[in-house]
Amino acid sequence: MLLHLPEVLSREEVAEIRAALAEARWVDGAASAGPQAQKVKQNKQLPADAPEARTLGERIEAALRRHPLFQSAALPHIVLTPRFNAYERGGHYGNHVDSALHHDPFRGVTARTDISTTVFLNDPDEYEGGELIVEDTYGAHEVKLNAGDAILYPSTSLHRVEPVTGGVRLASFLWTQSLVKDSEQRRMLFELDMTILRLRSQLGDSEEVVGLTAHYHNLLRQWAQM
């Protein structure tokens, strides 16, 4: 499931994060990639142990956890500390699938990557190219969102970042281990949750809405892995 999360960050939050990143020390992004990904990765990243990395990452995570669509779609169990990258002057990241496991140096945990998320930190008109392309059974989807918006997609998806031919593309990226491992089960739970919310706004806590809510929680109880 590919899902757009609007306004994860406010304009003020984006400006403050970008100001901090402007003073940061960036390194070659290929250094953090696996042997296969290194061949197709050309960007800059904020080192995971950089002084700004933890503070800014925790700020991004807190904003995501406040977003109701993230909570409903991801059903987060472990959210790894968000990281940051920059693409410019032809920088790109060719087709790849994210590693199945990632280690969080700040929390000392290793998590399974069920869901990938990119939070955009500048508007589409600030740079040329740099589209995130996510492929699934329905084809290739092009994503280029407003600053502060995010895109959520299964980490099993083949994806890439097209070359940036003008300006700079700034983003935060992260992985989540969900309470529900199976992506199809997560999709069904999300759609059921959205249906319950729409019905509740129309009918209140009617007998039918309460029954659907019970069904949702019983499915979650059956599928969740702690």
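Residues numbered from 1 in each chain as written. Predicted model: local features only at pLDDT ≥ 70, side-chain atom pairs only at ≥ 80, totals over all residues. Heavy atoms only, no water.

An unreviewed UniProt entry annotates the protein as 2OG-Fe(II) oxygenase originating from Asticcacaulis excentricus.

(A) Representation of the UniProt feature "binding site: Fe cation" (unreviewed entry) in the protein. Cross-referencing UniProt, the feature "binding site: Fe cation" (unreviewed entry) maps to His96, Asp98 and His159 in the present numbering. Across 64 residues of sequence, these annotated residues stay compact in space, with a maximum C-alpha separation of 8.7 Å. Its location among the elements puts His96 in strand 7 (residues 92-96). In this structure His96 touches Ser157, Leu158, His159 and Arg160, once residues within four positions along its chain are discounted. Only 2.8 Å separates the side chain of His96 from the backbone oxygen of Gly94, close enough to count as a polar contact. (UniProt positions renumbered as here; feature names shortened; annotations may be inferred. Helix = DSSP H or I, 4+ residues; strand = E, 2+ residues; numbered from the N terminus. Contact = heavy atoms within 4.5 Å. Polar contact = N/O pair within 3.5 Å; in protein donor to acceptor, adjacent residues only side chain to side chain.)

(B) Expanded view of the sheet that holds strand 12 (residues 132-136). A sheet is described by the order of its strands in space; here 5 strands give the open sequence 3-7-15-12-13, paired in antiparallel fashion. The open sheet has two edge strands with one neighbour each: strand 3 (41-42) and strand 13 (139-143). Sheet analysis places strand 12 next to strand 13, joined by 5 bridges and oriented antiparallel. What sits directly across from Glu135, in strand 13, is Ala140. (Pairing = 2+ DSSP bridges.)

(C) View of the packing of helix 5 (residues 183-203) against helix 6 (residues 207-223). Packing of helix 5 against helix 6 leaves a shortest axis separation of 10 Å and a crossing angle of 160°. Judged on the interaxial angle alone, helix 6 and helix 5 are roughly antiparallel. Crossing hand, helix 5 versus helix 6: left-handed. Contacts from Gln185, Met188, Leu189, Leu192, Asp193, Ile196, Leu199, Arg200 and Leu203 in helix 5 reach Val209, Leu212, Thr213, His215, Tyr216, Leu219, Leu220 and Trp223 in helix 6. Broken down by class, the residue content of the contact of helix 5 with helix 6 amounts to 12 nonpolar, 3 polar and 2 charged. (Axes fitted to C-alpha atoms, helices over the stretch in contact; angles between N-to-C directions. Parallel < 35°, antiparallel > 145°, perpendicular 65-115°, else oblique. Left-handed = near helix turned anticlockwise from the far one by under 90°. Nonpolar A, V, L, I, M, F, W, Y, C, P; charged D, E, K, R; others polar.)

(D) Region of the structure containing the pattern of salt bridges. Evaluated as defined, the whole model comprises 16 salt bridges. Its salt-bridge partner being Arg112, residue Asp114 comes within 2.7 Å of it at the nearest N-O pair. Between Arg187 and Glu191 there is a salt bridge; the shortest N-O distance is 2.8 Å. With Arg187 and Glu191 both in helix 5 and 4 residues apart, this pair spans about one turn of that helix. Under the relative-accessibility criterion, Arg187 is labelled partly exposed at 25%. (Salt bridge = Lys/Arg side-chain N within 4 Å of Asp/Glu carboxyl O. Buried < 20%, exposed > 50% of the residue type's maximum accessible area, 1.4 Å probe, protein only.)

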